[in-house]
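If you want the building blocks of each chain, they are given just below.
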Amino acid sequence: MTAPGTRKVAVVGSGPSGFYAAEALLEAGAEVDVIERLPTPFGLVRFGVAPDHPKLKSVCQNFTQIAGHERFAFFGNVALGRDVTIDELRGFYDAVVIASGASADRKLGVPGEHLPGSWSATEFVSWYNGHPDFRNRTFDFSCEAAVILGHGNVAIDVCRILSKSVDELRRTDICAHALEALAESRIRDVHLVGRRGPAQAKWTAKELREIGMLAEADVVLDESDLALGATCEAELADPRGVTPAQSFKILRTFQGRPRERSKAVHLHFNLSPRVLEGAGRVERVLFDRCRLSGGPFSQVADPTGETVSLKAGAVFRSVGYKGVATDGVPFDGRSGTIPHERGRVMDGDAPADGLYVAGWIKRGPSGVIGVNRACSLETVETMLSDFADRPPSQAPGRDALRSALAARAVRPVDFTSWMRIDEAEVEAGAALGKPREKFTSVDKMLAAAFAGSGPVPQSCCA
Amino acid sequence: MTHVVTENCQACRFTDCVTVCPVACFHGDDERLYIDPEVCVDCSACISACPVGAIKEEFDLSDDEERWIEINASRAPDLPVIRSKQSPLPTAEARRSELGLN
Ligand SMILES: Cc1cc2nc3c(=O)[nH]c(=O)nc-3n(C[C@H](O)[C@H](O)[C@H](O)COP(=O)(O)OP(=O)(O)OC[C@H]3O[C@@H](n4cnc5c(N)ncnc54)[C@H](O)[C@@H]3O)c2cc1C
Ligand code: SF4
Ligand code: SF4
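Residues numbered from 1 in each chain as written. Chains lettered and ligands numbered in written order. Predicted model: local features only at pLDDT ≥ 70, side-chain atom pairs only at ≥ 80, totals over all residues. Heavy atoms only, no water.

- As annotated in an unreviewed UniProt entry, chain B carries the name Ferredoxin and is attributed to Chelatococcus sambhunathii.
- UniProt, in its Function (unreviewed entry) section for chain B, records the words "Ferredoxins are iron-sulfur proteins that transfer electrons in a wide variety of metabolic reactions." (UniProt positions renumbered as here; feature names shortened; annotations may be inferred.)

- As annotated in an unreviewed UniProt entry, chain A carries the name FAD-dependent oxidoreductase and comes from Chelatococcus sambhunathii.
- What the UniProt record of chain A gives under Sequence similarities (unreviewed entry) is the line "Belongs to the ferredoxin--NADP reductase type 1 family."
- Under the heading Cofactor (unreviewed entry), UniProt records this for chain A: "FAD".

See below:
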């Protein structure tokens, strides 16, 4: 049992930022309940990180260790806004950290964007990674060329998955339904198109390098795209920008490579999409060729008047993510984030009492897994300094949450029940030589979670 | 492949790097930090966090820097893990200026 007066904190979202906030809070002596909409924890580490990057997924072992703490509890299958309100949580706990991520996709805002054959990278990624909300999407890979709009790591992930052979993917945790559909793919040419130049690309050197090491695809680029203006040279020379300079070096190694393989990844720069065209479905994308103007690190792409057309039967836009608003929590719709000061949620000029924010929903959708750790540490530091001025906790904490959920017949998935899902997935994967075969529906997840335990409790009449 | 801390970390130790590491693979002595290659998951988060560009992917090392692979691998396991931001060494700011990074 926890000592009287122990601070009780609810963390909404079990992605990296939620777990790192939990870790810091546990170290500070608090009792922490992580509330997650899905029966499965880990957020985008499970549903975003590419299946062919297994090493990164080992961060889940660190999260599992955090979950093993005696003052930690997991409430999977419980959504803020659906099963519990923010006002209830604020009543049950001393503080609430919103760490719900930012996984809604942004639109391009160009005509033709809604034609069949045009998708967001988010939909595709969530589908091949088995997110239950995306299981029933269908993608058509019967065309020969695909265009990916955007020059970030997610765009590269999509490019790799489209360009790898089924044999290269078979032993990853990519979902069986995706593997099956990709096996029928006729895509040979993948165009990775960015609005600005090679010095502004947002990908990391490591991801870019991988594109040059694909078994079946060559990298093709136009040498003239690597001729940099003085402003771009200045950006690359900045000692703080190690990454862009490193990726530029890698781009140079791609220059003039022979074409020997059956597939190709074409890197295009300075092309801004103007319209997606086709009769009843996407057939081509029309771009404005652009030129950069402005000072270092604030260059913008201006159309030169020239247009370029690329044939493509499939278009994936990877132009960013945004968060979604929660009832009762301040939200900035423009940036898709929750306004805050060092993690303390701000309602106009005043702090929203007991409400904090961490991760992508705080900073916006950028930064790799580890960046969320520094972000959550900042939030927890702020919270602890706020706690310092307050009397010991009187909050009822998890007992109150449990009763509220029971009254609504919501059966939470605790961490032990998640481990049952995990075990069943690993077992199903082993039969196929894969690290795991994911359940792709909430019902199946729940069935595995509660296998061998009693029926779902019915709501009582109290 | 792994990530390694190189020369520039000398006498600096701002430790901005450790707060972004998702897996606690930094170890340190009084002088500098080292990455345990057995634990590092190659996420690259630390590269852009280091204010003096001391961390590199093994792949990007120059010939002179190759020796740091062995230094990191052999030193790290025997030293304590550094997970939270330490006070910078007194020499830190001077080191940053010396490298022209202010
Ligand atoms: C396609 C893709 C690939 C990536 N690849 C890499 C990579 O290779 N390496 C790397 O380091 N980083 C990668 N990242 C970045 C990394 O995934 C993010 O930095 C990180 O996941 C953000 O953490 P978060 O906790 O803020 O959000 P998330 O991971 O999105 O977690 C948010 C959680 O909150 C839950 N939630 C949302 N709303 C509610 C609600 N109302 N109630 C309860 N729970 C809720 C969600 O279900 C989710 O589990 C990738 C990201 C994407 C999109
Ligand atoms: S931030 Fe850079 S210089 Fe500072 S301790 Fe880490 S590696 Fe060394
Ligand atoms: S690359 Fe990632 S895992 Fe490796 S030391 Fe840097 S932050 Fe840690």
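**Let's talk about empty space enclosed by the protein**
Residue and element names in this part refer to chain B.
Now for step 1: Counted according to the given criterion, the structure contains three cavities of 30 Å³ or more.
Now for step 2: Residue lining of the second largest cavity: 13 residues in total, with Cys21, Cys25, Cys40, Cys43 and Cys46 positioned closest to the centre.
Now for step 3: When grouped by side-chain class, the residues that make up the lining of the second largest cavity number 11 nonpolar, one polar and one charged. (1 Å grid on protein atoms, 1.4 Å probe; cavity = no way out; pocket = protein on both sides within 12 Å on 5 of 7 lines; lining within 4 Å. Points joined across faces, edges and corners; volume = space filled by probe spheres on them. Nonpolar A, V, L, I, M, F, W, Y, C, P; charged D, E, K, R; others polar.)

**Brief notes about the site of ligand 1**
Residues and elements named next belong to chain A.
Now for step 1: Around ligand 1 there are 31 residues in total, and Ser17, Glu36, Trp360, Gly367 and Ile369 lie nearest to it.
Now for step 2: In this structure, Pro16 approaches ligand 1 through a main-chain N or O atom, which is 3.4 Å from an oxygen atom.
Now for step 3: Calculation on ligand 1 without its partners gives an accessible area of 1,000 Å², and the protein chains cover 92% of this total.
Now for step 4: Contributing elements (two or more residues each) for the shell around ligand 1: α1 (16-27) and α6 (153-163).
Now for step 5: A breakdown of the residues in the shell around ligand 1 according to their chemical character gives 16 nonpolar, 12 polar and three charged. (Near = heavy atom within 4 Å. Polar contact = N/O pair within 3.5 Å; in protein donor to acceptor, adjacent residues only side chain to side chain. Areas by Shrake-Rupley, 256 points an atom, 1.4 Å probe, with all protein chains shown as cover. Helix = DSSP H or I, 4+ residues; strand = E, 2+ residues; numbered from the N terminus.)

**Structural notes on the sheet that holds strand β18 (residues 350-357) of chain A**
All names here are of chain A.
Now for step 1: Taking strand neighbours across the sheet as the criterion, the seven strands line up as β3-β2-β1-β4-β18-β17-β16 in an open arrangement whose pairing is mixed. Two strands in the sheet have a free side with no partner beyond their single neighbour: β3 (72-75) and β16 (340-341).
Now for step 2: Alignment of strand β1 (residues 8-12) against strand β2 (residues 31-35), held across five bridges, turns out to be parallel. Among the inter-strand pairings, Val11 is bridged to a residue of β2, identified as Val34.
Now for step 3: Along the sheet, α1 contacts β1, β2 and β3; its crossing angle with β2, the most-contacted strand, is approximately 170°. (Pairing = 2+ DSSP bridges. Contact = heavy atoms within 4.5 Å. Axes fitted to C-alpha atoms, helices over the stretch in contact; angles between N-to-C directions.)

**Quick word on the interface of chain B and chain A**
Now for step 1: Each partner contributes to the interface: chain B provides 20 residues, whereas chain A provides 22 residues.
Now for step 2: Taken together, both faces of the contact between chain B and chain A bury some 1,900 Å²; the carbon and sulfur share is 55%.
Now for step 3: Looking at the side of chain B facing chain A, the largest losses of area belong to Pro22, Val41 and Arg83 of chain B, adding up to 25% of the total buried there.
Now for step 4: Counting every contact that joins chain B to chain A gives four salt bridges.
Now for step 5: For Arg209 of chain A, the salt bridge identified is with Asp60 of chain B, shortest N-O distance 3.0 Å.
Now for step 6: On inspection of chain B and its partner chain A, the count reaches nine residue pairs in polar contact (both at pLDDT 80 or more). (Buried area = accessible area lost by both parts, 1.4 Å probe. Salt bridge = Lys/Arg side-chain N within 4 Å of Asp/Glu carboxyl O.)

**Quick word on the sheet that holds strand β13 (residues 300-311) of chain A**
Residue and element names in this part refer to chain A.
Now for step 1: Pairing within the open sheet is antiparallel, and its three strands lie in the order β11-β12-β13. The open sheet has two free edges, formed respectively by β11 (271-277) and β13, since each of these has just one partner strand. For this sheet, the mean angle separating the axes of adjacent strands, direction not counted, is 20°.
Now for step 2: One ladder, built from nine bridges, connects strand β12 (residues 284-293) with β13; its direction is antiparallel. When the bridges of β13 are listed, Ser293 appears paired with Val300.

**Observations regarding the confidence of the model for chain B**
Now for step 1: Of the residues in chain B, 82% reach a pLDDT of 70 or more, and the chain-wide mean stands at 86.
Now for step 2: Here the predicted complex carries an ipTM of 0.85, next to a pTM of 0.93. (pLDDT = per-residue confidence, 0-100.)

**Quick word on the site of ligand 3**
Residues and elements named next belong to chain B.
Now for step 1: Every one of the 13 residues lining ligand 3 counts as a neighbour, but Cys21, Cys40, Cys43, Ser44 and Cys46 are closest to it.
Now for step 2: Judged by the proximity of its atoms to the pocket grid, ligand 3 belongs to the second largest cavity.
Now for step 3: Looking at the shell around ligand 3, its residues break down into 10 nonpolar, two polar and one charged. (Sits in = over half its atoms within 2 Å of the grid points.)

**Here we look at the nonpolar core**
Now for step 1: The biggest cluster of nonpolar side chains holds 63 residues, and the ones touching the most others in it are Phe72 of chain A together with Phe26 and Ile55 of chain B.
Now for step 2: Contacts of Phe26 of chain B, omitting those with residues within four sequence positions, involve Val5, Cys17, Val18, Cys21, Leu33, Tyr34, Ile35, Cys46, Ile55, Pro80, Val81 and Ile82 of chain B.
Now for step 3: Core analysis: the next-biggest nonpolar cluster, separate from the first, contains 50 residues, Leu162, Ile187, Val190 and Trp203 of chain A among them. (Core = buried A, V, L, I, M, F, W, Y, C linked by side-chain atoms within 4.5 Å. Buried < 20%, exposed > 50% of the residue type's maximum accessible area, 1.4 Å probe, protein only.)

**Topic: the packing of aromatic side chains**
Now for step 1: Applying the stated rule across the entire model yields 20 aromatic pairs over all chains.
Now for step 2: Ring centres of Phe19 of chain A and Phe63 of chain A lie 5.1 Å apart, and the angle between their planes is 15°; this geometry places the pair in the stacked category. With Phe19 of chain A in helix α1 and Phe63 of chain A in helix α3 (residues 59-67), the pair connects residues that are 44 residues apart, well separated along the chain. Both residues of the pair, Phe19 of chain A and Phe63 of chain A, count as buried.
Now for step 3: The interplanar angle of 45° and the centroid separation of 6.1 Å between the aromatic rings of Trp127 of chain A and Phe141 of chain A together place this pair among those described as tilted. A residue pair is termed long-range when its members are at least 10 positions apart, and Trp127 of chain A in helix α5 (residues 121-128) and Phe141 of chain A in the loop between α5 and β7 (145-149) qualify at 14 residues.
Now for step 4: Phe141 of chain A gets classed as buried once you look at its relative accessible area, which sits at 4%.
Now for step 5: One aromatic cluster is present, built from ring pairs that chain together Phe19, Tyr20, Phe42, Phe63, Phe72, Phe74, Phe415 and Trp418 of chain A.
Now for step 6: Positioned above the aromatic ring of Phe59 of chain B, the side-chain terminus of Arg209 of chain A is 3.8 Å from the ring centre.
Now for step 7: For Arg411 of chain A, the ring lying beneath its charged end belongs to Phe450 of chain A, and the centroid distance is 3.8 Å. (Phe/Tyr/Trp six-rings, centres within 6.5 Å; stacked < 30°, edge-to-face > 60°. Lys NZ or Arg CZ within 6 Å of the ring centre and 35° of its normal.)

**Overview of unusual backbone geometry**
All names here are of chain A.
Now for step 1: Even without glycine at this site, Asn77 takes up a positive phi of about 65°.
Now for step 2: The topology assignment puts Asn77 in the loop between β3 and α4 (86-92).
Now for step 3: We classify Asn77 as buried; its relative accessible area is 12%.
Now for step 4: Not every positive phi belongs to a glycine, and Phe297 is a case in point at roughly 65°.
Now for step 5: Looking at the element boundaries, Phe297 is found in the loop between β12 and β13.
Now for step 6: When its relative accessible area of 55% is taken as the criterion, Phe297 is described as exposed.

**A closer look at the confidence of the model for chain A**
Now for step 1: Of all residues in chain A, 97% have pLDDT values of 70 or greater, and the mean over the chain is 94.
Now for step 2: Considering only residues more than four positions removed or in separate chains, one finds that residues 457-462 of chain A, a stretch of pLDDT under 50, has seven contacts.

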